[in-house]
Structure formats: structure tokens, C-alpha cells
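# Chains, contacts and geometry: an overview
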Amino acid sequence: MYLQIMEQIKRKVAVGDWLPGDEIPSMRQLAVALRVSLITVKRAYLELDREGVIVTQHGKGSTVASAPDLRPRLYDEELAHHVEQVARLGSLLGIDADELASRIHDAAGRLKEELHD
Amino acid sequence: MTDLAVHLDGVSKSYPHFKLDDIQVKLETGGILGFIGANGAGKSTTIRILMGLVRQDGGAVEVLGHRMPDDQAAAKRDIGFASEDLRLYKTATVRWHMEFVRSIYPGWDPSYAELLLRRFDLRPEHKIKGLSHGQRVKAELLLVLARRPRLLVLDEPTTGLDPVARQEVLGELMEVLADERRTIFFSSQNTLDVEQISDQISFIDRGRIVDSGDKESFLERWRRVRLDVPPGVVLPSLPGTVSAVGSGRLSVVTTSRFDPAMTSAYQSAGATVHAVDTMTLEEIFVANVMSKREGNVA
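The residue numbering used here restarts from 1 in each chain and proceeds along that chain's sequence as written. Whichever chain is written first becomes A and whichever ligand is written first becomes 1, with later ones labelled in order. Under the rules for a predicted model, residues below a pLDDT of 70 receive no local features and side-chain atom pairs below 80 are neither given nor counted, while totals for whole chains, interfaces and linings still include all residues. Side-chain metrics rest on all non-hydrogen atoms present in the structure, leaving aside hydrogens and water.

## Thoughts on the overall build of chain B
Secondary structure is summarised from DSSP: a helix means a run of H or I of at least four residues, a strand means a run of E of at least two, and numbering begins at the N terminus for each. When helices and strands are tallied, chain B shows ten helices and 14 strands. Overall size of chain B, expressed as C-alpha extent along the three principal axes, is 75 × 40 × 40 Å. Relative accessibility decides the category of a residue: with a 1.4 Å probe and only protein chains considered, values under 20% of the type maximum give buried, values over 50% give exposed, and everything between is partly exposed. For chain B, the residues scored as buried account for 50% of the 298 residues in total. Here the analysis covers contacts within chain B between residues at least 6 apart in sequence; of these, 68% occur between residues at least 24 apart. Computed with the Shrake-Rupley method and a 1.4 Å probe, the accessible areas treat only the protein chains shown as cover for residues. A total of about 13,900 Å² of accessible surface is found on chain B, and carbon and sulfur atoms cover 50% of it. Here chain B holds 37 positive side-chain charges and 40 negative ones, and the gap between their average locations is 5 Å. In what follows, a contact means two residues having at least one pair of non-hydrogen atoms within 4.5 Å. In this count, Lys and Arg are taken as positive residues and Asp and Glu as negative ones, while His and the chain termini are left out. By convention, the point assigned to a charge is CZ for Arg, NZ for Lys, CD for Glu and CG for Asp.

## Some words on the packing of helix α5 (residues 133–145) of chain B against helix α6 (residues 163–176) of chain B
Two quantities define a packed helix pair, namely the angle between the helix axes and the distance between the axes. Residues and elements named next belong to chain B. Orientation is described by lines fitted to C-alpha atoms, with helices fitted over the stretch in contact, and by angles between N-to-C directions that extend from 0 to 180 degrees. At their nearest, the axes of α5 and α6 sit 12 Å apart, and the two run at 10° to each other. Here α6 runs roughly parallel to α5, going by the angle between their axes. Of the residues in α6, those touching α5 at Lys138, Leu141 and Leu145 are Ala165, Glu168, Val169, Glu172 and Val176. Across the contact of α5 with α6, the residue classes break down as five nonpolar, no polar and three charged. With respect to orientation, any angle under 35 degrees is reported as roughly parallel, any angle over 145 as roughly antiparallel, any angle of 65 to 115 as roughly perpendicular, and every other angle as oblique. Nonpolar residues are Ala, Val, Leu, Ile, Met, Phe, Trp, Tyr, Cys and Pro. Charged residues are Asp, Glu, Lys and Arg, and all others, Gly as well, are polar.

## What to know about the sheet that holds strand β4 (residues 58–63) of chain B
All names here are of chain B. Spatially, β2-β1-β4-β5 is the arrangement adopted by the four strands of the open sheet, whose pairing is antiparallel. Taken across any chain shown, the strands that pair with only one partner, and hence form the sheet edges, are β2 (19–28) and β5 (66–68). The mean inter-strand angle of the sheet, taken between neighbouring strand axes irrespective of direction, is 20°. Two strands make a pair as long as DSSP finds a minimum of two bridges between them. Note: β4 against β5, three bridges, orientation antiparallel. Looking at the pairing, Val61 lines up with Met68 of β5. Here helix α1 (residues 43–50) sits on the sheet and contacts β1 (4–14), β2, β4 and β5; the angle it forms with β1, its principal contact strand, is near 115°.

## Thoughts on the pattern of salt bridges
Whenever a carboxyl oxygen of Asp or Glu lies within 4 Å of a side-chain nitrogen of Lys or Arg, that contact is scored as a salt bridge. Summed over the entire model, instances satisfying the criterion amount to 26 salt bridges over all chains. Ionic pairing is found between Lys10 of chain A and Glu51 of chain A, a salt bridge with its closest N-O pair at 3.1 Å. Pair noted here: Lys10 of chain A is in helix α1 (residues 2–14) and Glu51 of chain A is in helix α3 (residues 38–51), with a separation of 41 residues, a long-range link. On the accessibility criterion, Lys10 of chain A (5% relative accessible area) is buried. Its relative accessible area of 23% is what places Glu51 of chain A among the partly exposed residues. A salt bridge links Glu180 of chain B to Arg28 of chain A, with the nearest nitrogen and oxygen atoms 3.9 Å apart. Residue Glu180 of chain B is found in the loop between α6 and β8 (183–188), and its partner Arg28 of chain A is found in helix α2 (residues 27–34); the two belong to separate chains. Looking at Arg28 of chain A, the relative accessible area reads 17%, which means it is buried.

Right under this line is the structure:
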């Protein structure tokens, strides 16, 4: 559940709803607004702080970090997820790593051609 | 000193056919604890002891700094209690009950009570006997909430409610927690409700607390690992393993102490890890109770 909250906050920052330096809702406020437990929101803020998306100062609340570097990271996470899926399906189908790599290579090649057309 | 709103320490109570044994519960001020157990697990007995309605055979009970049951009159000024045992007067209206509670408790907040009437979609002129189960539950909660007690003790507040009413009730409980001096202790059979709004969780089964902790670490610790175990490979027995079931090559290990190192341990033993799945609170509860009943150590 905390992952969903992290995702939502990152989106808000990514689309510019929350700007760098903006004060964001206190954990308790957000928990009440989302009707989820405080400890879940705490966990999300802690992870976001660790990732450098927000800055939490004890007793002062949280603000969006001055240079939250999100977008590449969001895509990175997405990519890592898909690569893992590929590896899993590959092992289910008994396709070895070289074959998987060459298929990805081919797919990338096709995409390149499409973009050039 | 931590500020505990509820502290049950080694509480026991024996009945001819049921026994509560060494109940430990700690709930900090400002927190919300979900008390999960099957029917007959001891939830209501624990709550009655907590409220001073039943005297424990052994152990100490402290609620909002008051020893229970001896100091219950003072404690109850600040506790709002709702349970299925409480009955409203069938032939009286919702409004009559509101005036009645208001005449007893000086903390009654009339404007909050009116707000709750609207939020819970209740009509004050309705008599209790004409209300549905859900409306009756919401009316009881209104009577308790509008007093703005420092501690809410709710015995299965969402049981029997439809999904909309459940969300109304859960939302209202979260509103209470916007004030960090207020605390909620609620029991439930519905793990979804508990998963949504609780900070602390205690599992009770057969009169004993089988596990307790903060919700996030609960969800973090428990995992289901799906493995391919080739013939001849024996899985190492790792600490925290709650159950390992398998047919043929496929095996599913449930663990209460997941660590990424586990997957490498299985892999170096010759097994292939297909997936590491998170578990819902419901799955954790069932796995936990089953393993304790079978006498395993989780």
C-alpha cells in the first residue's frame, strides 16, 4: 500500500502539482485524507526521503526536494520490472539468456527502423 | 516514558470452557490498533476486561492511566465504547438518544453530531426499531463519536455493514485520528478494514495473542516463495519458515521473516526461485493461526 502512495506523490511532483520546495501535507493529514493508516504514510514518506524526492525535517514537516530527479527513475523502474518479466517468462519457456538478448536486440532494431520510416 | 493509552500486561481470565492467557497489548496515544481474531478467539472478552466490565483473574490493565476495573468510573468519562451488546431503546428516536447522551456527557459536541447525522445519512426523527442493521450501527457510533472521547473502544464496528457504510465508518474513524491525542482500539474479523486503517495489529486465537506489531513490518516480514525443487534437492530449513508445501517439483514456502538472502540460500541449494509474492493481511492471519495451531514456531 505504501508503494501506491509513493507512486501518487511522485506523479504529483512529476506533473508539477507539487513544486520543488513546496510544503506537502503532514503524514497525519494525508493519512486522514486517503483513509489509510498513519504508519503506511510514514513508510512512504521515509522511502521518498531516502530516494531524494522529498525532504522531511523532524518537527517541521516535509517539502518537495529542490531538485527531485524523478522521471528517469520512474522509467528505470518500469524497465527493470519488464526485464524481470522477460527473464521469468524466458525461464518458463526454457529460452536461454542469449536467445532472450537476441530477441530484445531484434525488437530494438525493428523499433529503430519504424522510427526512421 | 512512552504514553500508552491502553496497556494490558499478562492478563488472564478463566471460564469453564474458555481461557484467556497472558494477553499483552500496548497501544500508544494517537495510534489505532486493529484486534483480529476468529469468532470465539477471545476478542470480546479482552475488550470487556479492558472496559472494566469483567475483572481479570491475573495481570494488570491500564486505560488512559487508570487501573481497571477499580478506577473504571473515572476512565469511562474519556472512553467511547460501542459493541453489539449495547442496545438502543427500540421505541425511542435517534434524536431522543442524542439528547440522552448529551445530558450525561458534558463533552458532547452538537454541531459534530449534526454533521455525523448527515455523513451517515441518518434521520433523527426515525425510531430505532425502524432502522436497518447498518443504520443502527451508525447511530451507535454517532452517539459515541459526538462525545469526542480520548479513547474509542469499538467491538467489531464494521461487521455486517455494506461496503458503502463500511467506508463511511472507516473514514470517520480516520477523521478522529486527525487529532493526535485521540486513540482507537477496534476489533474486527475483517482483515481488509484492519489493513486499511490500522497502525498496530494484534492477532488473537484461542485466548492467546499469536502475533502483534506495526502493520508495515507485518506486511514486510511475510512472503510466499514459489520454488522449483529438482529431484534430490533438499531445501535448507531457514528460520521463520511457517510452512512448506509442495507437489512434485513445485514447492511453496511461507515465511514470517523474509530476507532477500533466503532466495540465494535456496538457489545455492539447487532450487530455482520462481516468484516471491507479498501476502495480504488475511493470508498472513490464516497462515499464522494455522501454524500456531499445528504447534510450529513462526
